[in-house]
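# Topology and contacts: notes
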Amino acid sequence: MSDTAGMFEDEAAQGARVAPDPVVRRRRALAGARRTLVDRPRNLRQSLAALADGAEGAYDLDELPDRYGNGVVAALEDRVAELLGMPAAAFFPTGTMAQQVALRCWAGRTGIATVALHPLAHPEMYERDALSALSGLRGVHPTRERRLPTAAEVADLDEPIGTLMLELPLREAGFVLPSWQELTAVVAAGRERDAVVHFDGARLWECGPHFGRSLPELAELADSVYVSFYKSLGGMSGAALAGPADFVAEAKAWRHRYGGQLFEQWPAALSALAGLRTELPRLATYVAHAKTVAAALTEALAPLPWSRVHPAVPHTHQFQVWLPFAASELGEAVLAQAEEDGVMLFSWWSEPGPPGLSMTEVTVASDALEWTARDVREAVEGLLRRLV
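Residues numbered from 1 in each chain as written. Predicted model: local features only at pLDDT ≥ 70, side-chain atom pairs only at ≥ 80, totals over all residues. Heavy atoms only, no water.

Further remarks concern the pattern of salt bridges. Per the stated rule, a full pass over the model turns up 19 salt bridges. With a closest N to O distance of 2.8 Å, Arg109 and Glu250 form a salt bridge. A residue pair is termed long-range when its members are at least 10 positions apart, and Arg109 in helix α5 (residues 95-110) and Glu250 in helix α12 (residues 245-257) qualify at 141 residues. Assessed through its relative accessible area of 38%, Arg109 is described here as partly exposed. (Salt bridge = Lys/Arg side-chain N within 4 Å of Asp/Glu carboxyl O. Helix = DSSP H or I, 4+ residues; strand = E, 2+ residues; numbered from the N terminus. Buried < 20%, exposed > 50% of the residue type's maximum accessible area, 1.4 Å probe, protein only.)

Rendered as structure tokens:
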């Protein structure tokens with residue numbers, strides 16, 4: 001080894017001792033903050049305690065663990081079908097698997113391998129081309145606007161489609177939803193083309209307040225619905241696919257083929273049942289408070305050029321905040337504020353748009369309920385002092 005290489009290694013080691021790992025630093029800052037808009041992470045001991053506590057009352061803990069999907073897993077499937085007003089539901093270890101299976105099953109039934117979906121939808125953004133690689137399916141895009149497609153855009157597609165997939169809400173566009181009239185119209189447009197309708201409802205649980213409709217009324221519009229257990233309900237992992245009984249039976253066969261027939265899944269199933277019992281009833285409160293938080297952020301950021309809260313009035317309990325700084329600057333300022341003032345306002349930042357313009361996602365959940373509009377404004381002021 002050369003002397004120069006050794007010198008660089010020594011400097012790197014010294015730097016590592018001085019500057020903690022960014023992930024470790026963030027966790028410490030979040031754990032030590034006296035007030036945080038971001039829900040605090042749990043360590044393994046806390047997670048085990050929360051699972052045990054939440055499972056009491058959610059399921060009979062004197063029952064045996066599940067085996068290949070019976071017991072507590074079957075009970076969870078029945079509960080989801082009941083909540084959505086659907087004939088049946090199947091538990092999946094991941095939402096990606098559930099959605100791939102759903103679209104594959106519908107393609108087999110319609111005989112058409114073309115799926116109409118948004119280019120920002122989860123299968124297009126985060127599933128490594130699994131639609132085509134695993135099932136030979138192909139996506140077409142009714143629109144590239146940062147919103148759900150309209151009925152006219154679906155009607156104007158110039159080729160047959162077997163399935164119309166709608167992500168509710170469309171996360172990458174800002175957790176946005178159409179109006180009830182727009183949603184029913186686009187569903188009708190899909191049916192006019194003899195397409196089945198599938199909802200990517202990973203976050204469907206919190207969509208009811210925006211539409212002024214119940215979960216069964218929402219699910220009734222679709223032929224099948226996928227829901228997640230960890231995105232809004234605080235579950236460990238897992239998802240469910242709901243629809244007609246024969247469709248769900250076929251989906252379970254494909255679940256086995258895809259490697260999703262796990263020996264025991266009781267921790268994930270128990271945490272999902274606990275989330276349905278405790279978090280689901282609170283989501284409407286989160287959605288309402290998100291409007292208060294978003295309005296306070298908009299007011300506090302108004303003097304800052306290029307800042308934006310999107311949507312200005314959130315459609316769910318999640319929304320985007322855009323600020324005219326590099327992601328690295330914002331990340332450092334957020335951590336410094338948490339370490340020095342004990343206040344953590346935002347989480348991670350990225351730069352998905354023009355250079356120098358960064359975005360973060362805000363989720364208003366249990367910890368955020370403690371924040372008043374004044375708290376939000378004061379926290380923004382403290383953050384901007386570190387940036388401007």
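There is more to say, and it comes next.
Look at helix α3 (residues 44-55): 16 Å from first C-alpha to last across 12 residues, which is about the 16 Å you get at 1.5 Å a residue. Burial in α3 covers these residues: Leu51, Gly54 and Ala55. Along the axis of α3, the buried positions cluster into a sector of 95 degrees, meaning they face one direction only. Summarising the geometry of α3, the exposed residues directed more than 90 degrees from the buried face are Arg45 and Asp53. Where α3 begins, the capping side chain belongs to Asn43, and its oxygen is found 3.1 Å from the backbone nitrogen of Arg45. Positive phi appears at Gly57, one or two residues downstream of α3, with a value of about 90 degrees. (Expected span 1.5 Å × (residues − 1). Arc of directions from axis to C-beta. Polar contact = N/O pair within 3.5 Å; in protein donor to acceptor, adjacent residues only side chain to side chain.)

What the largest pocket holds in volume is close to 1600 Å³. Forming the walls of the largest pocket are 43 residues, and the residues nearest its centre are Asp39, Arg40, Arg42, Tyr230 and Gly234. Of all elements in the fold, only α2 (22-32), α3, α13 (266-278) and β12 (358-363) reach the threshold of two or more residues within the lining of the largest pocket. It is α3 that contributes the most residues to the lining of the largest pocket, 7 residues altogether. Taken as a whole, the second largest pocket encloses approximately 260 Å³ of empty space. Along its surface, the second largest pocket is lined by 25 residues, and His122, Ala202, Tyr226, Tyr230 and Lys231 are the ones closest to its centre. Listing elements by their share of the lining of the second largest pocket, those giving two or more residues are α5, α6 (122-126) and β7 (224-228). Here the lining of the second largest pocket gets 3 residues from one element, more than from any other, and that element is α5. (1 Å grid on protein atoms, 1.4 Å probe; cavity = no way out; pocket = protein on both sides within 12 Å on 5 of 7 lines; lining within 4 Å. Points joined across faces, edges and corners; volume = space filled by probe spheres on them.)

Here the focus is the confidence of the model for the protein. Residues shown with low pLDDT carry predicted positions that ought not to be read at fine detail. Looking at the protein, the pLDDT average stands at 94 and 95% of residues meet or exceed 70. Within the model, the stretch residues 1-16 combines pLDDT values under 50 with 2 contacts to residues more than four positions away or in other chains. (pLDDT = per-residue confidence, 0-100. Contact = heavy atoms within 4.5 Å.)

So, about the packing of helix α4 (residues 72-84) against α13. At a minimum axis distance of 9 Å, the contact between α4 and α13 shows a crossing angle of 30 degrees. Comparing the axis directions of α4 and α13 gives the class roughly parallel. Classified by chirality, the crossing of α13 by α4 is left-handed. On α13, the residues touching Val72, Val73, Leu76, Arg79, Val80 and Leu83 of α4 are Trp266, Ala269, Leu270, Ala272, Leu273 and Leu276. (Axes fitted to C-alpha atoms, helices over the stretch in contact; angles between N-to-C directions. Parallel < 35°, antiparallel > 145°, perpendicular 65-115°, else oblique. Left-handed = near helix turned anticlockwise from the far one by under 90°.)

A complete count under the given rule lists 1 cavity of 30 Å³ or more for this structure. Of the pockets and cavities examined, the largest cavity occupies roughly 30 Å³. Secondary-structure elements contributing two or more residues to the lining of the largest cavity are β10 (318-323) and α16 (373-385). Looking at the lining of the largest cavity element by element, the count peaks at 3 residues for α16.

This paragraph deals with the pairing of β10. Every regular strand shows the same layout, with side chains that alternate between the two sheet faces. Of all 6 residues in β10, 6 are buried; the element is thus mostly enclosed. The side-chain alternation of β10 yields two buried faces, one formed by Gln318, Gln320 and Trp322 and the other by Phe319, Val321 and Leu323. Judged from the 3 bridges that link them, strand β9 (residues 308-310) and β10 form a sheet pairing that is antiparallel. Note on β10: the bridge partner recorded for Val309 is Val321. In this sheet, β12 lies alongside β10 in antiparallel orientation, the contact comprising 6 bridges. Across the sheet, the residue bridging to Val321 is Thr360, located in β12. (Pairing = 2+ DSSP bridges.)

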